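Observations on chain architecture
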Amino acid sequence: MPHLAFRIARLSFLPPLACVALLGLSPSAQAQQPGQQEDPEQSHWALGAGVGVEQSPYAGYGNRTRALPLLMYNGPRFRLVGTTADLKLGAVGPVGFALRAQYADEGYTGSDAPILNGMDKRKSSFWLGGVALWRNPYADLSLEWLADAAGNSRGQTLKLRAEHRFTTGRLTLTPYLGVNWMNSNYVDYYFGVRQNEVTSQRAFYQGSSTANLVGGLRTDLRMTESQSLFMDLRLTRYGSGITDSPLVDRNHAAAVRAGYLYRF
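Residues numbered from 1 in each chain as written. Predicted model: local features only at pLDDT ≥ 70, side-chain atom pairs only at ≥ 80, totals over all residues. Heavy atoms only, no water.

Some details on a nonpolar patch on the surface
As a reminder, the rule being used: Excluding any residue in a salt bridge, patches collect residues exceeding 30% relative accessible area, merging like charges within 9 Å and nonpolar Val, Leu, Ile, Met, Phe, Trp and Tyr side chains within 5 Å. Calculation of accessible area relied on Shrake-Rupley with a 1.4 Å probe; when residues are assessed, cover is drawn exclusively from the protein chains displayed. Counted as salt bridges are all cases of a side-chain nitrogen of Lys or Arg within 4 Å of a carboxyl oxygen of Asp or Glu. Helical segments are the DSSP runs of H or I of at least four residues, strand segments are the runs of E of at least two, and each set is numbered from the N terminus. Exposure is judged per residue with a 1.4 Å probe applied to protein chains only, and the accessible area is read against the type maximum: over 50% gives exposed, under 20% gives buried, and values in between give partly exposed.
A contiguous nonpolar surface patch, about 520 Å² in accessible area, is contributed by Phe166, Leu171, Leu173, Leu217, Leu221, Met223 and Leu229. Those elements giving two or more residues to the nonpolar patch turn out to be β11 (171-182) and β12 (210-222). Within the secondary structure, Leu171 sits in strand β11. Classification of Leu171 by relative accessible area gives partly exposed; the value is 30%.

Section: the packing of aromatic side chains
The condition that has to hold: Each pair of aromatic rings taken from Phe, Tyr and Trp, with Trp reduced to its six-membered ring, is defined by centres within 6.5 Å and is described as stacked if the planes are under 30 degrees apart, edge-to-face if over 60, and tilted in the remaining cases. Placement of a charge over a ring requires the Lys NZ or Arg CZ to be within 6 Å of the ring centre, with the centre-to-atom vector within 35 degrees of the ring normal.
Taken as a whole, this structure holds 8 aromatic pairs when the rule is applied. Between Trp127 and Tyr186, the ring centres sit 5.9 Å apart and the planes meet at 55°, which makes this aromatic pair tilted. Residue Trp127 is found in strand β7 (residues 125-134), and its partner Tyr186 is found in helix α3 (residues 184-191); the two are separated by 59 residues along the sequence. By relative accessible area, Trp127 is classed as buried at 2%. Through pairs of rings, three or more aromatic residues link up here, namely Trp127, Tyr186, Tyr189 and Tyr190. Over the face of the ring belonging to Tyr189 we find Arg122, whose NZ or CZ atom lies 5.8 Å from the ring centre.

Side note on the pattern of salt bridges
Taken as a whole and judged by the stated rule, the model has 13 salt bridges. Here Asp86 ties to Arg79 by a salt bridge, and the two come within 2.8 Å at their closest N and O atoms. The pair formed by Asp86 and Arg79 is uniform in burial state, with each residue classed as buried. Measuring nitrogen to oxygen at the nearest pair gives 3.7 Å for the salt bridge that ties Asp220 to Arg263. Placement of the pair is Asp220 in strand β12 and Arg263 in strand β14 (residues 252-263), with a sequence separation of 43 residues. Grouping residues by exposure puts Asp220 and Arg263 together as buried. Taken together, the salt bridges that share partners define one network made up of Glu54, Arg64, Arg66, Asp105, Arg234 and Arg257.

A few points about the environment of Gly96
Looking at where Gly96 falls in the secondary structure, it is placed in strand β6 (residues 95-104). With a relative accessible area of 0%, Gly96 lands in the buried category. Placed 39 residues apart in sequence, Gly96 and Arg135 show a C-alpha to C-alpha distance of 8.5 Å.

A word on α3
Condition: By arc we mean the arc of the directions from the helix axis to the C-beta atoms, nothing more. Residue contacts are counted whenever heavy atoms from the two residues lie within 4.5 Å of one another.
Within α3 the residues assigned to the buried category are Tyr186, Val187, Tyr189, Tyr190 and Phe191. Buried positions in α3, seen along its axis, are confined to an arc of 165° and lie on one side of it. Against β7, β9 (156-163), β11, β12 and α4 (240-243) lie the buried residues of α3.

Rendered as structure tokens:
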């Protein structure tokens, strides 16, 4: 029982580079995207700390709570936001482009939840791809494609997101809505059940490609020119390729992330 209670509300501390992506600070959230107007001669750093709580789709896993240091950098040609690094390629009209490298902490071990007992370890992975951003008066539209460069899942993901910022005084509100597509290799690796993993409570399952709906609201409160508080409230509705898995006991998951940033 103590082991299970520990899993239900797990607190982990990660190094600075494994931080902002887990807190929901995507490059579109707290750093300039490709194509955004910026001073080509200046670079910007930000440091801080935060905490994130998110529900896991895996049955019996419970919530994952993380206390996280934060590190960001944005320069003329390079951007680092937590576990995401972009090489800026410039823009064609209103559309900017960048090459992207990202580490995603999505793996698990058999001891993480009772439903995973006896499962082979699924590894977190390193992803490579590209991103495009179209800024317009109505909404910022971003399109991201990534492939598993480590070859663990041989997966691919495609993410389309729209967001719009509203600023009043020192407070910025950014509602967003998107679709995250994963190919069958990705879903099968993280949510499939292999023949050697089948039990009386866990049937064989071969994952198929699916799409998740993601919506949320980011807030940023500027206390001074350098200091700010942020919060991200997010809800994900899983596609049938994930919810059909015997490892999963929910069709949606909520997450909240909050913290403090100091910009140099």
